[in-house]
Amino acid sequence: MYKWFFLTLAIMIAGCSGSDKSGLQFSEKGRDVPEFNADTAYKFVQQQVDFGPRVPNTEAHRQAEAYFAEKFKEYAGSNAVFVQEFTAEGYDEELELGNVIAAFNLNAPDRIMLSAHWDSRPRADMDSTRQEEGIVGADDGGSGVAVLLELARMFSENPPPIGVDIVLFDGEDYGKSGSLEKYFLGSRYWSNNPPVPGYSPRFGILLDMVGAEGAQFPKERYSLSYAPNLVEEVWNIAVEKGYENYFLNEEGAAVSDDHVIVNEQARIPIINIINHSRTPRGNAQFAPHWHTHSDNMEIISRETLQAVGDVMAELIYNRL
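Criteria and thresholds
- Residues numbered from 1 in each chain as written.
- Predicted model: local features only at pLDDT ≥ 70, side-chain atom pairs only at ≥ 80, totals over all residues.
- Heavy atoms only, no water.
- Helix = DSSP H or I, 4+ residues; strand = E, 2+ residues; numbered from the N terminus.
- Contact = heavy atoms within 4.5 Å.
- Patch = residues over 30% accessible without salt bridge, like charges linked within 9 Å, V, L, I, M, F, W, Y side chains within 5 Å.
- Areas by Shrake-Rupley, 256 points an atom, 1.4 Å probe, with all protein chains shown as cover.
- Salt bridge = Lys/Arg side-chain N within 4 Å of Asp/Glu carboxyl O.
- Lys, Arg positive; Asp, Glu negative; His and termini not counted.
- Charge placed at Lys NZ, Arg CZ, Asp CG, Glu CD.
- Buried < 20%, exposed > 50% of the residue type's maximum accessible area, 1.4 Å probe, protein only.
- Pairing = 2+ DSSP bridges.
- Axes fitted to C-alpha atoms, helices over the stretch in contact; angles between N-to-C directions.

Asker: How would you explain the environment of Val136 if you had to name every residue and give the values?
Answerer: As for its position among the elements, Val136 is in the loop between strand 3 (111-117) and helix 4 (142-157). Once the C-alpha coordinates of Val136 and Met297 are considered, the two residues, 161 residues apart in sequence, prove to be 9.1 Å apart. When near neighbours in sequence (up to four residues on either side) are disregarded, Val136 contacts Val49, Gly52, Pro53, Arg54, Ser120, Asp295 and Asn296.

So this is what it looks like as structure tokens:
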């Protein structure tokens, strides 16, 4: 099964022109855009939270990985889903990890990549209590995955006009504060061990913390460097749809995240839609629930999920 998956994508990539510079040019195509269902996305967040903290080497982590693989098989077909299993050295333990990958519109050589991280943090280091316990990560991890699962459901019913590859990275949030060495484990492995050598989509979009009530997404600084045209298109779509209170027309901070690894190691232009603000000194500041046990269903907003989903759907179905 997986051999067929790799072979199909490899043939598509071979047919692509690596010198095509049109990947970051956009225009309205006049196509119908299917409806993003925030209620379904909310349920996808709830399902992840119900597993418990999705911390590597736990039963909740194993259950969540299996759930994502099965949902993608339901939406994309069993031949278009692959779990990239790998191990990584943690803190005094070997981690069993897996990136979950699904491909839609397999016959299209022209492709984009959508991603999020699916693990949750093994410690609540920003909380005042239970700091050594894992968090359920409704927003930090859960919300980005939920938006992508709902998009996958849409793709199954309304095939996208372009090839879309969804990559759920594992091990993004494992590391301890003060060092980035043990963060971004899944994107590091994926970038250095691409399932399909030469994979080169037009662009990528990373969704991280996109479900909280009152979320705000300034233009993350690395994103402006990696793919400024894509940033402007996404934020312009948000304004057109009346979501300017979420997608702020201002420069944010430079946030270390999976997109930095993907751009610098896999050389894919990629942006990050992430809830944060920039302090007067230029640093990133995150919501009060970040890395605490308050990152639960109580802070998840259907309205925020709807805003992000609508913008993504418009981009994919009508601007490419």
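Asker: Summarise a negative patch on the surface; cite the residues concerned and give the values.
Answerer: On the surface, a cluster of negative charge is contributed by Glu85, Glu89, Glu94 and Glu96. Secondary-structure elements contributing two or more residues to the negative patch are strand 1 (81-89) and strand 2 (94-104). Residue position: Glu85 is located in strand 1. Residue classification places Glu85 among the exposed residues on the basis of a relative accessible area of 60%.

Asker: Quick rundown of helix 8 (residues 258-266)? Include the residues and the values.
Answerer: Along helix 8, the positions that sit buried rather than exposed are Asp258, His259, Val260, Ile261, Val262 and Asn263. If you follow the buried residues of helix 8, they end up packed against strand 3, strand 4 (163-169), helix 5 (185-192), strand 5 (204-208), helix 6 (221-226) and strand 8 (270-274). Directly after helix 8, the chain includes Arg267, whose backbone phi takes a positive value near 60 degrees.

Asker: Provide a residue-level description of the sheet that holds strand 3, including the pertinent values.
Answerer: Spatial ordering of the open sheet is given by 1-2-4-3-5-8, a layout of 6 strands whose pairing is mixed. The open sheet has two free edges, formed respectively by strand 1 and strand 8, since each of these has just one partner strand. If you compare each strand with its neighbour and ignore which way they point, the axes differ by 20 degrees on average. Examined bridge by bridge, strand 5 and strand 8 share 5 bridges and lie parallel to one another. In the strand pairing of strand 8, Asp208 is matched with Ile274. Here helix 7 (residues 228-240) sits on the sheet and contacts strand 5 and strand 8; the angle it forms with strand 8, its principal contact strand, is near 40 degrees. Where helix 9 (residues 302-318) meets the sheet, its contacts fall on strand 3, strand 4, strand 5 and strand 8, and the angle it forms with strand 5 comes to roughly 170 degrees.

Don't take any of this as a statement about function, it's just geometry.
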